[in-house]
Amino acid sequence: MWRSYIGDIGHLFVIVAFVSAIVTAVSYFINNKSQVAQPAWLLYARTTLIIHCISIVGVLVIILMMLYHHFFEYYYVWSHSSLQLSTQFLVSCLWEGQEGSFLIWIFWQAIIALFLIKRLKQYEAPFMVVFCLVQAVLCSMLLGIVIFDVKIGSSPFLLVSDVIDAPIFKSNPEYIPEDGTGLNPLLQNYWMVIHPPTLFLGFALTLVPFSLCIAGLWKKKYTEWIGLMLPWLQLAAIILGIGIVMGAYWAYETLNFGGYWNWDPVENAVYVPWLILIAAIHAIILFKNKRKAYRLSVILIIAAFLLILYSTFLTRSGILGDSSVHSFTDLGLSGQLLLFLLLFVGLSALLLIKRWKEMPSNTKEDAIYSSSFWMFVGCIMLCLMSFQVLIPTSIPVFNSVKELFGGVANIAPPADAVSFYSNFQLWFCLGISILTGTIQLIWWNKFTLRNFREVYVTPLLFSLLIATIGISILKVYDFKYILLFFFSIYGIVANALILIKLAKQKFVLTAGALAHIGIGFMFIGILFSAGYSKVISLNKTGLIISKEADVEFNNENTILWIGESRKVAQMDVTYQGRRKKIKGTNHYVPLSLLVSTEDPHLMILKDSLYNDYKLNLKRGDTIEVSKEDIYYEVYFDAPDINSFSLYPRAQINPTMGLLASPAIKKYWNKDLYTHVSSVPDPDAEPEWSDTQKMTISLGDTFQLNDYIAHFRGVQRIFEYEDIELNEKDYVIQLDIELNTGIKIINYRPVYLIKENMVARPAEVDEEMGIQLWVEAIHPEQASFELGVKTTGKDYVILKVVEKPYINLLWAGFILVIFGFFVAIYRRMKELS
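In this report, we go over the structure that sits alongside the text. Values in this document were obtained by computation on a predicted structure and should not be read as measured data.

**Focus: the pairing of strand 9 (residues 602-605)**
Then comes step 1: Burial of strand 9 is one-sided: the residues Met603 and Leu605 facing one way are buried, the residues Leu602 and Ile604 facing the other way are not.
Then comes step 2: Where strand 8 (residues 594-596) meets strand 9, three bridges bridge the pair, whose relative direction is antiparallel. If you follow Leu594 over to strand 9, its bridge partner there is Leu605.
Then comes step 3: The turn linking strand 8 back onto strand 9 is made up of five residues.
Then comes step 4: Relative to strand 10 (residues 622-624), strand 9 runs antiparallel, the two being bridged by three bridges. Within strand 10, the residue paired with Met603 across the bridge is Ile623.

Take a look at the structure:
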């Protein structure tokens, strides 16, 4: 009975959270406007803020409890989860939907507010006004109420019967679905357990520098807040960056587009504010040390948060349509999201205009060789880098605005997004590489025109030497790649020299050098893994794989028939067959050895498995599997490598078609990236040939489908499956060995005589396209008559790509993370 009220309690918590956020903002506003201390209002504001945070935790706990206990009467639980999901993926269900992702964003901001409540001192009131206003607007997204026919928010506590008008609910209002529709299979990945909450933590953290900046401008305290804000700005940038790279790695090992970044509009919408955050950090450091670029700093801090709101609008309003694989379904919140965005854009713009003339400025011109000049140039370059991505990504918005005013929307996004964005961004990366080395050398060496040789000759010579050797060995011949490679090396070398110098003085000063070295390695990793990625599964047979597919598909894929070996580069590659993965393990079992049960997630083993599969499973054991996923074992062998198997995954989804996930073999200097491009539908019924009969005697060799088979032996057996046998019953079992040239397969068809009745159960091997049974026994001739049907053998169409030096990308980013945390530690130490 209590289940019917749990949703009402959750909805009540949402309303309390929304109202308490508004009350908190108003209370802090009154406290802030007062000329004298107002301890009563301050206490009231803090109390309502705590109530707000408790309410948010309450909403979160209730939804997680509903998911964990499978309350499928609630639409959010039914539409995002299922009985078979493990606990970690049940948690992931929370942020698969719009409401849950808003909730985790609100939750992080509530935690941050509690952490900061007594640490802000003079900035507490103005800061919390802004902070709680954002919280109130975000909470409104979960209200799910209608006022004067206007929908405000979308509630996660609606019942299925409230959303779906199905006859079952009319005949049985108490009906509860037995199971949910489940989590998107592509999201059933451990990265999806940590990537979204990390990303939303990054979103939440951008509100801290934004609120401090607005509070400082509001109170006309233009510089005092900067020291307090800087570590939070750095933390926001690195957490958002970690979230972005987690998403990139998820895409790399889950999707099959062949990389980690596809310039999808939603990827772009998060990448742009991250670039602005990085620019803001450099602008703030410039002001802190040189008293330059204050206005630029303020604009960038405000812009970073507003771009987060803009990315939210793009992702959730439905405006992207089918142009993004990441966008949420439109829940009718587009108008509310637009008002949310315009509200904060308008308030920020008004405050900037009002305070513009009062802001600190330094009119003294910088020398062209000064660190201030080049730091400013770097900030502008990062801004241009972001605009180049932002403007094309916003084309659907431009079209919608044009249509709103009666125009014709005829602007199309880039047809080849990867080439379009990559070709522009490469040159920006080249410029960033030059600046990361140059600015650091100027900044830490007190550069003047007189000591040019002393500062620059050593790093340039080292860079030239390393780059020349690298270009020769790695065969980098494209001019723009040569430039990027050289200046990335230059950035690494210059910062390494600075790192050595500063580490002798004070290690915390090395933060910038560490991060910039990491950036250099990332650029090299991107250069080689994207620019010199090489397809090695080239179709050299001269045959067209598929007439429906394009030329690229037929050229870059190879077809592997089961049991047959084919050369891929210098390796012999063999498709070994379909596999099921035992849930919770890294063990794979041949699908041909499994029998389905009434529960599609449970299968029974029809033969024992020991050493070959590193398992100790006996015939009749039940194993748990994913009903949708099939893994395709592909065996790689070559004289100069240790042989190994990869298990790319695929499933045929009724609405999404082939969903393929790659399998990756990692080496220190490259990844072998393998995925299936096409497979036979595993649920399709095979079309068997007409029955062919053949007579065989012990020791005979004969043909089955395209293979040679050998009749090895015959015996009477006294146990057969679950059939009770007595002394008068006979079960004659043949032992037939099939040699594929790669492996041996044994078939054991039986001829069963029980109570004067004959049964001829067939041995069916769909992978090899063979079905055989004992049709008759001829004792006088010591022979057996076999019935045989054949069909097409199993196959995969496979693509194998070498991605050289991709590990430099991941290693470089780890170094960036380390550098950022050293920087945060330094700034926190300065604060204390």
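**Digging into the sheet that holds strand 17 (residues 692-697)**
Then comes step 1: Spatial ordering of the open sheet is given by 17-26-25-24, a layout of four strands whose pairing is antiparallel. The sheet terminates laterally at strand 17 and strand 24 (763-765), the two strands that pair on one side only. Going across the sheet, the axis of each strand differs from the next one's by a mean of 25°, ignoring polarity.
Then comes step 2: As paired strands, strand 17 and strand 26 (residues 783-790) are joined by six bridges and run antiparallel to one another. Within strand 26, the position partnered with Met694 by the bridge is Leu786.

**Quick notes on the pattern of salt bridges**
Charged atoms that come close allow side chains of opposite charge to pair.
Then comes step 1: Per the stated rule, a full pass over the model turns up 21 salt bridges.
Then comes step 2: A salt bridge links Glu802 to Lys670, with the shortest nitrogen-to-oxygen separation between them at 3.2 Å. Taken as a pair, Glu802 in strand 27 (residues 795-804) and Lys670 in strand 16 (residues 670-678) lie far apart in primary sequence, 132 residues in all.
Then comes step 3: Overall, the relative accessible area of 24% leaves Lys670 in the partly exposed class.
Then comes step 4: Among the charged side chains, a network of salt bridges with common partners joins Lys288, Arg826, Arg827 and Glu830.

**A word on the pairing of strand 27**
Then comes step 1: Burial of strand 27 is extensive: nine of the 10 residues sit out of reach of the surface.
Then comes step 2: As paired strands, strand 4 (residues 558-561) and strand 27 are joined by four bridges and run antiparallel to one another. Bridge pairing links Thr558 to Leu798 in strand 27.
Then comes step 3: In the sheet, strand 16 pairs with strand 27 via eight bridges, with the strands oriented antiparallel. Each bridged residue has a counterpart across the sheet, and for Thr674 the counterpart in strand 27 is Val800.

Parameters at a glance
Residues numbered from 1 in each chain as written. Predicted model: local features only at pLDDT ≥ 70, side-chain atom pairs only at ≥ 80, totals over all residues. Heavy atoms only, no water. Buried < 20%, exposed > 50% of the residue type's maximum accessible area, 1.4 Å probe, protein only. Helix = DSSP H or I, 4+ residues; strand = E, 2+ residues; numbered from the N terminus. Pairing = 2+ DSSP bridges. Axes fitted to C-alpha atoms, helices over the stretch in contact; angles between N-to-C directions. Salt bridge = Lys/Arg side-chain N within 4 Å of Asp/Glu carboxyl O.

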